[in-house]
Amino acid sequence: MSDAALIYVRHRDKEESYLQHGHTLWSWLATTDHKRIGILYALSITFFFFIGGMAAGIVRIELMFPHGEFLSDDAYNRMFTLHGIIMVWFFLVPSIPTTLGNFMMPMMIGARDVAFPRLNLMSWYIFVIGACFAIFSIVAGGVDTGWTFYTPLSTMFSNGAVISAAAGVFIVGFSSIATGVNFITTVHMLRAPGMAWFRLPLFVWAIYATSLVMVLATPVLAMSLLLVMAERWLGMPIFNPANGGDPILFQHLFWFYSHPAVYIMVLPAMGVVSEVFACFARRRVFGYAMMVYAMMAIAVIGFFVWGHHMFVAGESQYANLIFSFLSFIVAVPSAIKVFNWTATLYRGQITFEAPLIYALGFLGLFTTGGLTGLFLASVPIDVHVTDTYFVVAHFHYIMVGGSVSAFFAGLHFWWPKITGRLYSEAWARFAAIVMFLGFNTTFMPQFIMGYGGMPRRYHVYPPEFQVWHVMSSVGGIVLFVAYTLPLIYLTWSLFYGKKAGANPWGATGLEWQTASPPPKDNFEALPRVKAAPYAYHPDREAPDPDKREPETMQGEMP
Amino acid sequence: MSDASPLLREPWPSLERQKVAVSFGMWVFIASEVLFFGGLFLAYTVYRHLDAEAFKAAARETEVFYGATNTAVLLTSSLTMAMAVKASEEGLRRMTLWCLGTTAALGLAFLVIKGFEYHSDLEKGLWPGPDFPLHPAATQLFWAFYWIATGIHAVHLTVGIGIVTVIAVQLKRGTLPVEATRFEGVALYWHLVDTIWIFLLPMLYLVGRA
Amino acid sequence: MTGAFPPEASVYAGQWDRLFAVLATVSALVVLLIFLLIVGFSIRYRRGSRAPRGFLPEIITNELELTWTSATAIAFLFLFWWAAVQQLHNIVPPKNAIELHVVAKQWMWKVQQPNGVREINELHAPVGRPVRLIMTSQDVIHSLFLPALRLKQDVLPGRYTYLWFTADKPGVYHLLCAELCGTEHSRMTGRLVLMTPADYARWSAAQPGAENLAADGEKLFRSFGCSGCHAPGANVHAPDLDGVFGRKVHTADDRTVTADEAYLRDSILLPQKDVVAGFKPIMPSFQGIVNDDAMVKLIAYLKSLSAGTRP
């Protein structure tokens with residue numbers, strides 16, 4: 001084994017971080033370093049976050065008035081479709097896995113890189129090619145089918161750029177699959193000696209579970225979009241009722257992916273939050289094994305609930321019952337996780353840095369959003385609120401209140417490791433609180449008007465809903481501020497921030513046992529894992545508030 | 001001990017692990033392909049269940065001769081691909097080259113035969129559209145599947161031929177040694193393409209002909 | 001509250017509102033509990049505070065996990081059961097429902113009353129008796145949304161879907177399209193007008209265009225040539241249509257289907273689909289010849305053959 005370690009030890013006169021290893025543009029565009037690829041992805045998804053966010057801003061401004069003031073019907077349809085497609089496939093699905101996952105996961109298991117570094121780079125290029133198709137479809141006038149591409153609207157009636165938008169999503173799906181294959185192989189094959197499965201940090205488990213879902217669900221989306229493109233471009237009658245085709249078949253294929261997709265979006269967030277709670281409460285995560293089983297249960301059961309998107313689509317009531325039942329069941333592991341995170345705070349030694357504030361925001365908002373999922377799982381209520389703002393509020397609570405909060409938590413938590421700099425704690429805390437308040441102001445009114453009967457995807461609406469829409473739009477402005485602030489102070493910290501040491505938070509993971517920023521090969525020499533994760537303080541005594549060091553780090557450096 | 005060989009790539013600690021990982025990764029990818037074609041096969045199954053008579057009538061127009069010949073060609077190519085892997089494991093460079101070349105050639109033969117078949121189908125007017133020669137309308141659904149399924153299969157096969165050709169050329173030129181870790185991964189992919197065809201054969205050619 | 005709770009216009013809307021209220025209360029309590037725990041722990045266990053911090057014995061942690069896992073599972077199963085029971089009660093409409101036909105097209109709603117009266121973007125119905133809507137679309141998927149009744153059903157091309165309700169509060173309510181259907185989706189709205197039975201009877205009699213759908217259907221049955229094969233005494237061997245509606249039909253490929261509206265529609269437009277056992281598949285398709293209007297009349301006529309009341 002020491003032979004293997006010797007191969008990679010290079011004799012250096014001075015320490016060189018991954019950032020200094022090559023300064024040309026080509027050294028970035030041809031990199032196979034998972035850390036640089038993580039940064040390439042981070043730049044891409046940030047770009048798309050602001051594009052999708054601008055579309056949301058325009059939608060919210062339009063919705064302040066009930067008579068369709070600024071946008072034509074077609075323009076409005078294209079605007080919310082743009083928002084959905086960009087945010088789901090070009091921001092959320094890649095976000096945590098390709099940025100934080102790419103950067104951190106190999107270090108957390110004690111590896112030098114992912115299993116297939118060149119495939120990793122190819123994943124990013126495939127993403128970029130898909131993005132080009134998406135941008136082309138925007139420039140060509142946009143799509144008006146909603147991000148859900150329902151047939152026969154998308155295949156036979158829409159006069160938007162359906163094919164190029166679908167092609168963009170199709171291509172980006174393969175980026176997802178390639179990343180999933182890479183991560184699964186990495187976790188199986190590249191764990192450092194001593195890193196048993198049940199010593200893996202929960203973030204690694206989360207990335208692993210997410211990758212399983214990415215690999216198994218995304219191909220079905222690819223096929224459903226391929227069939228839409230075939231029908232629209234080649235005239236192949238697949239979903240055309242005049243030929244005996246069934247438009248509902250598209251919905252089955254689409255939702256078979258798109259429900260697990262929401263777990264692709266939330267599982268990594270759960271992983272991040274587990275890391276943050278443990279570190280800032282100075283306490284191991286409560287019920288580690290249950291947390292692992294819960295994530296795997298969510299990943300598996302999540303494949304069997306897609307029918308709850310189709311309760312009013314004309315399905316048999318008995319099928320609806322089965323999907324309703326399974327949808328209630330899939331909520332149980334999520335509830336377990338919420339209790340366990342809360343219990344992690346118990347008897348901790350808590351400090352309130354920005355990552356923890358974002359994580360606490362996640363906890364509250366995810367719980368709220370998840371509970372409203374129960375409403376949607378019960379068929380009679382869903383019949384009333386499906387296709388209304390109730391559903392819009394539900395998924396934004398989880399995806400934005402949940403996943404985006406967690407993304408910011410992870411970004412701040414690992415910022416010192418990635419950049420070697422400390423951000424401004426005061427500004428970060430302020431932004432986190434503004435985000436929480438702005439988010440609730442934006443989306444809580446939407447639950448209310450959804451139950452009141454305000455349908456989705458409407459820009460001309462009954463005037464009794466205007467008061468809620470105005471409230472929501474005002475919240476949106478606050479959210480915009482909250483998202484712009486990190487862009488400013490994080491960028492500022494890159495140039496003027498204090499230099500961070502290897503382990504500014506006193507965290508236990510392997511990634512904190514190497515320099516900040518890390519060297520190109522992650523570790524000077526491969527560590528040996530000697531402990532379970534999160535050994536922050538000895539169980540038998542009170543943790544000393546004056547000592548930030550944990551009781552045991554996870555790895556032993558040779 | 002070839003651990004420090006030029007084949008060893010970052011981040012692998014040993015060549016053996018790297019080799020296992022390539023196959024493992026390919027299997028995971030194959031799982032995604034199963035789901036990909038699975039979606040298509042599901043749609044086919046649903047429609048066939050809804051209108052079995054139309055599917056039978058439509059499938060009668062497929063040409064079993066082409067289908068059977070192509071099956072024999074592709075199965076043989078899988079044999080030569082498996083032989084290539086075994087040869088590479090034994091260090092038999094020329095044998096490996098010969099088998100890879102035959103595999104690619106058989107793959108190309110498949111595509112050529114398919115081309116003739118497509119030509120024949122188009123001459124019979126079997127492209128879904130307003131002038132479709134068969135009735136009832138659901139026969140167009142079958143033929144839509146035929147074109148899409150065989151088309152996607154052909155795309156996968158073409159990619160496979162490309163990869164096999166590239167590694168054969170690399171092996172010939174000496175830039176890829178015969179102990180390389182990638183042969184098994186490529187073979188797995190080739191067998192996947194073959195297996196998909198084995199599903200397509202009864203779905204498209206043998207309906208109502210049993 | 002404006003726009004918060006829609007008016008309750010039916011017997012069942014109240015039931016669902018109650019389920020919603022219970023769920024909302026339970027959710028609020030859970031969120032409150034979590035919030036209080038978070039705030040409580042954050043204050044008590046903030047760094048440097050003097051609260052005890054020893055370890056928790058494993059048996060307590062295991063018991064805690066087991067307790068809240070089981071409690072959650074049981075609570076969720078109970079909620080499922082409650083919702084499911086309500087759902088199951090409402091699957092089958094009562095037999096004496098009056099039937100309205102709804103055709104959705106980009107971007108309007110066409111409604112036809114049982115006596116043939118047509119409406120655009122309005123649906124008049126009586127309170128106090130079951131109303132059944134038989135719906136189809138002429139183009140894309142739409143969805144009929146009646147918030148006051150807490151009801152919604154997607155309206156599909158090439159198929160019939162159904163909605164039924166018994167309303168109890170006369171008034172004018174929103175009627176909305178709830179499935180993105182193209183450019184004017186937000187404008188595809190109308191009025192649900194619920195009236196007392198007396199008012200409804202008066203209204204429908206006073207409308208121009210009242211027709212006898214079944215009598216019209218009989219004329220079409222002859223003019224389209226259906227009677228050429230299906231009338232008793234025809235030369236061609238074709239299934240007898242007396243009493244066909246609601247009958248169980250045995251098909252050529254050994255299935256048993258019920259002859260409902262969807263079956264009748266398919267038999268006319270896609271006759272190869274469910275060929276009756278013992279008959280050859282020689283019926284031509286009337287796709288493009290029989291449009292949705294004519295279909296409504298033909299089906300009304302065929303239904304009348306069951307009831308034994310030839311018009």
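See the structure printed just above.
The structure reproduced in this document is the subject of the present report. (Residues numbered from 1 in each chain as written. Chains lettered and ligands numbered in written order. Predicted model: local features only at pLDDT ≥ 70, side-chain atom pairs only at ≥ 80, totals over all residues. Heavy atoms only, no water.)

1. Side note on the sheet that holds strand E6 (residues 142–146) of chain C
All names here are of chain C. One open sheet accounts for 5 strands, arranged E4-E10-E9-E6-E7; its pairing is mixed. Strand pairing shows two members of the sheet lacking a second neighbour, strand E4 (122–126) and strand E7 (151–155), which therefore form its edges. Strand after strand, the sheet turns through a mean of 20° between neighbouring axes, direction not considered. Those strands touched by helix H3 (residues 197–206) are E4 and strand E10 (190–195), and its axis lies near 130° from that of E4. (Pairing = 2+ DSSP bridges. Helix = DSSP H or I, 4+ residues; strand = E, 2+ residues; numbered from the N terminus. Axes fitted to C-alpha atoms, helices over the stretch in contact; angles between N-to-C directions. Contact = heavy atoms within 4.5 Å.)

2. Here's the deal with the interface of chain A and chain C
In this assembly, 91 residues from chain A lie in contact with 79 residues from chain C. Together chain A and chain C conceal approximately 7,400 Å² of surface at their shared face, both sides included; 68% is due to carbon and sulfur atoms. Across the contact surface, chain A and chain C share 1 salt bridge. Ionic pairing is found between arginine 187 of chain C and aspartate 73 of chain A, a salt bridge with its closest N-O pair at 2.9 Å. The interface formed by chain A and chain C holds 21 residue pairs in polar contact (both at pLDDT 80 or more) in total. Put simply, the parts of the chain that give the side of chain A that touches chain C at least two residues each are helix H4 (73–92), helix H7 (153–157), helix H10 (247–281), helix H12 (317–345), helix H13 (354–377), helix H14 (379–385) and helix H16 (425–452) of chain A. With 18 residues, the top contributor of residues to the side of chain A that touches chain C is H12 of chain A. A class-by-class count of the residues in the side of chain A that touches chain C yields 52 nonpolar, 25 polar and 14 charged. (Buried area = accessible area lost by both parts, 1.4 Å probe. Salt bridge = Lys/Arg side-chain N within 4 Å of Asp/Glu carboxyl O. Polar contact = N/O pair within 3.5 Å; in protein donor to acceptor, adjacent residues only side chain to side chain. Nonpolar A, V, L, I, M, F, W, Y, C, P; charged D, E, K, R; others polar.)

3. A few points about the nonpolar core
Within the largest apolar cluster, 339 residues are counted, with the highest numbers of intra-cluster contacts made by Trp89, Phe90, Phe149 and Trp414 of chain A together with Leu133, Phe165 and Leu194 of chain C. If one sorts the elements of this core by residue count, H10 of chain A sits on top with 24 residues. Both domains that meet at this core, namely domain 1 (11–42 + 59–89) and domain 2 (98–206) of chain C, each give it at least three residues. Once residues lying within four places of it in the same chain are set aside, the contact partners of tryptophan 414 of chain A are Leu100, Met104, Met108, Phe203, Val272, Glu275, Glu511 and Trp512 of chain A. (Core = buried A, V, L, I, M, F, W, Y, C linked by side-chain atoms within 4.5 Å. Buried < 20%, exposed > 50% of the residue type's maximum accessible area, 1.4 Å probe, protein only. Domains from an automatic or database assignment.)

4. Remarks on the packing of aromatic side chains
Across all of its chains, the model carries 81 aromatic pairs over all chains by this definition. Taking 6.2 Å as the distance between ring centres and 85° as the angle between the ring planes, the aromatic pair formed by phenylalanine 48 of chain A and phenylalanine 127 of chain A counts as edge-to-face. Pair noted here: phenylalanine 48 of chain A is in helix H3 (residues 34–62) and phenylalanine 127 of chain A is in helix H6 (residues 117–139), with a separation of 79 residues, a long-range link. For the pair tryptophan 124 of chain A and tyrosine 125 of chain A, a centre-to-centre distance of 5.1 Å together with 70° between the ring planes defines the contact as edge-to-face. Using a relative accessible area of 9% as the deciding quantity, one classes tryptophan 124 of chain A as buried. Taken together, the ring pairs connect Tyr44, Tyr47, Phe55, Tyr118, Trp127, Phe142, Trp143, Phe145, Tyr146 and Trp147 of chain B into an aromatic cluster. Of note, arginine 36 of chain A hangs over the ring of tryptophan 28 of chain A, and the distance from its end group to the ring centre comes to 4.2 Å. A cation over a ring is seen here: arginine 265 of chain C above tyrosine 160 of chain C, with NZ or CZ 5.1 Å from the ring centre. (Phe/Tyr/Trp six-rings, centres within 6.5 Å; stacked < 30°, edge-to-face > 60°. Lys NZ or Arg CZ within 6 Å of the ring centre and 35° of its normal.)

5. Concerning the pattern of salt bridges
Residues and elements named next belong to chain C. The full count for this structure, using the stated rule, is 23 salt bridges over all chains. Across the pair arginine 118 and aspartate 293 runs a salt bridge whose closest N-O atoms are separated by 3.3 Å. Within this pair, whereas arginine 118 is found in strand E3 (residues 118–120), its partner aspartate 293 is found in helix H7 (residues 292–306), the two being separated by 175 residues in sequence. The class of arginine 118 is partly exposed, set by a relative accessible area of 42%. Here the residues in one salt-bridge network are Glu99, Arg132, Glu261 and Lys303, joined through shared partners.

6. Concerning the side chain of lysine 152 of chain C
Here lysine 152 of chain C shows up in strand E7. Here valine 383 of chain A takes part through its backbone oxygen, which lies 2.9 Å from a polar atom of the side chain of lysine 152 of chain C. For lysine 152 of chain C, the side chain forms a polar contact with the main-chain oxygen of histidine 384 of chain A, separated by 2.7 Å.

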